[in-house]
Amino acid sequence: MMLQMLLIGWVFALLRVSLGQAQVPIQANFDASQFQGIWYVVGVVSDDQGFLDSKDKLKMPVVLVTPLPNGDLALKFGYSTPDGGCQKTDTTFTKGAVDGQFSNEAMAQTDIRVVSTDYKHFAVLYVEMQKRGVSNVWLQLYARTPELFPEGVQKMQQLVPQVGLNPSQGALLPRSDQCAGAFS
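In this text the structure is predicted, and so the values were computed from the model without any measurement.

Chemist: Is there a simple way to explain the layout of surface pockets in this structure?
Modeler: There is about 720 Å³ of room inside the largest pocket. In terms of lining, the largest pocket is formed by 28 residues, of which the most central are F51, L58, P61, Y79 and W138. No other element matches strand β4 (residues 86-95), which puts four residues into the lining of the largest pocket. Looking at the lining of the largest pocket, its residues break down into 14 nonpolar, eleven polar and three charged. Of the pockets and cavities examined, the second largest pocket occupies roughly 240 Å³.

Structure below.
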């Protein structure tokens, strides 16, 4: 009986993942050259417990995106630290089967999608992570300036229930100048 319950739970988890992915669009005609440059992560929604436990303490990261010749994206993140500093990390989003879809094995990010962007003001990213057998979903709102852009907010709000998240799992990240000049 216990094995049946475990199996049923596993099947529902797989269905949620596959249904969620099927419902998550990818930006049509994604153009990495227009996506490059400085972005600010102004909002995040996730069911990741670590994020939920610390979301009220987080500040707005800055991201420098550089397209690579093979179609991957190189990203440099600047995160504000509690001591007033700026922690920088580098990562690579590996190009997927479709333009605008990526993965990042080093960070257990199995599906990264640029869902929507106008390239000049906002981008909404969908990220699925698989860590220690647990699947988590993230939505991230990127902006070219450290302010909210209404169309980006609207796109993200529409996507939240579509991927099984709840607005209460989100945070608008306060601006921080700690990393403002990190990549200039």
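Chemist: Help me out: how do you make sense of the pairing of strand β3 (residues 73-80) in this one?
Modeler: Both faces of the sheet carry side chains from a regular strand, because those side chains alternate between them. Here strand β2 (residues 62-67) pairs with β3 via six bridges, running antiparallel. Directly across from P67, in β3, lies its bridge partner L73. With antiparallel pairing between neighbouring strands as the criterion, β3 and β4 make up a hairpin whose turn holds five residues, including G84 at a positive phi of roughly 90°.

Chemist: I'm lost on empty space enclosed by the protein in this one. Help?
Modeler: With a probe scaled to a water molecule rolled over the atoms, the places where space remains empty come into view. Counted according to the given criterion, the structure contains one cavity of 30 Å³ or more. In this structure, the largest cavity encloses a volume near 30 Å³. In this structure, the largest cavity is lined by Y40, M60, P61, V62, S176, C179 and A180. When the residues that make up the lining of the largest cavity are grouped by side-chain class, the tally is six nonpolar, one polar and no charged.

Chemist: I tried to follow the pairing of strand β8 (residues 134-143) on my own but got confused; where do I start?
Modeler: With nine of ten residues buried, β8 lies mostly within the body of the structure. Bridge count between strand β1 (residues 37-46) and β8: six bridges; the pairing is antiparallel. Residue pairing across strands places V41 opposite Y142, the latter belonging to β8. Sheet topology places strand β7 (residues 122-131) next to β8; ten bridges connect them, and they run antiparallel. Its bridge partner lying in β8, V124 is registered against L141.

Chemist: Sorry, what's going on with the side chain of T81 here?
Modeler: For T81, the position within the fold is in the loop between β3 and β4. Residue class for T81 comes out buried when judged on its relative accessible area of 18%. In terms of polar contacts, T81 uses its side chain to reach the side chain of D83, at 2.5 Å. What T81 contacts, discounting residues up to four positions off in sequence, is C86, Q87 and Q178.

Chemist: Would you take a moment to explain the packing of aromatic side chains for this structure?
Modeler: The geometry of an aromatic ring pair is captured by two quantities: the separation of the ring centres and the angle between the planes. Counted according to the given criterion, the structure contains nine aromatic pairs. Taking the centre distance of 6.3 Å and the plane angle of 40° together, the rings of F93 and F102 count as tilted. With a relative accessible area of 5%, F93 lands in the buried category. Here F102 falls in the buried class, since its relative accessible area comes to 4%. Here the basic side chain of R144 rests over the ring of W39, its NZ or CZ set 3.8 Å away from the ring centre.

Calculation criteria
Residues numbered from 1 in each chain as written. Predicted model: local features only at pLDDT ≥ 70, side-chain atom pairs only at ≥ 80, totals over all residues. Heavy atoms only, no water. 1 Å grid on protein atoms, 1.4 Å probe; cavity = no way out; pocket = protein on both sides within 12 Å on 5 of 7 lines; lining within 4 Å. Points joined across faces, edges and corners; volume = space filled by probe spheres on them. Helix = DSSP H or I, 4+ residues; strand = E, 2+ residues; numbered from the N terminus. Nonpolar A, V, L, I, M, F, W, Y, C, P; charged D, E, K, R; others polar. Pairing = 2+ DSSP bridges. Buried < 20%, exposed > 50% of the residue type's maximum accessible area, 1.4 Å probe, protein only. Polar contact = N/O pair within 3.5 Å; in protein donor to acceptor, adjacent residues only side chain to side chain. Contact = heavy atoms within 4.5 Å. Phe/Tyr/Trp six-rings, centres within 6.5 Å; stacked < 30°, edge-to-face > 60°. Lys NZ or Arg CZ within 6 Å of the ring centre and 35° of its normal.

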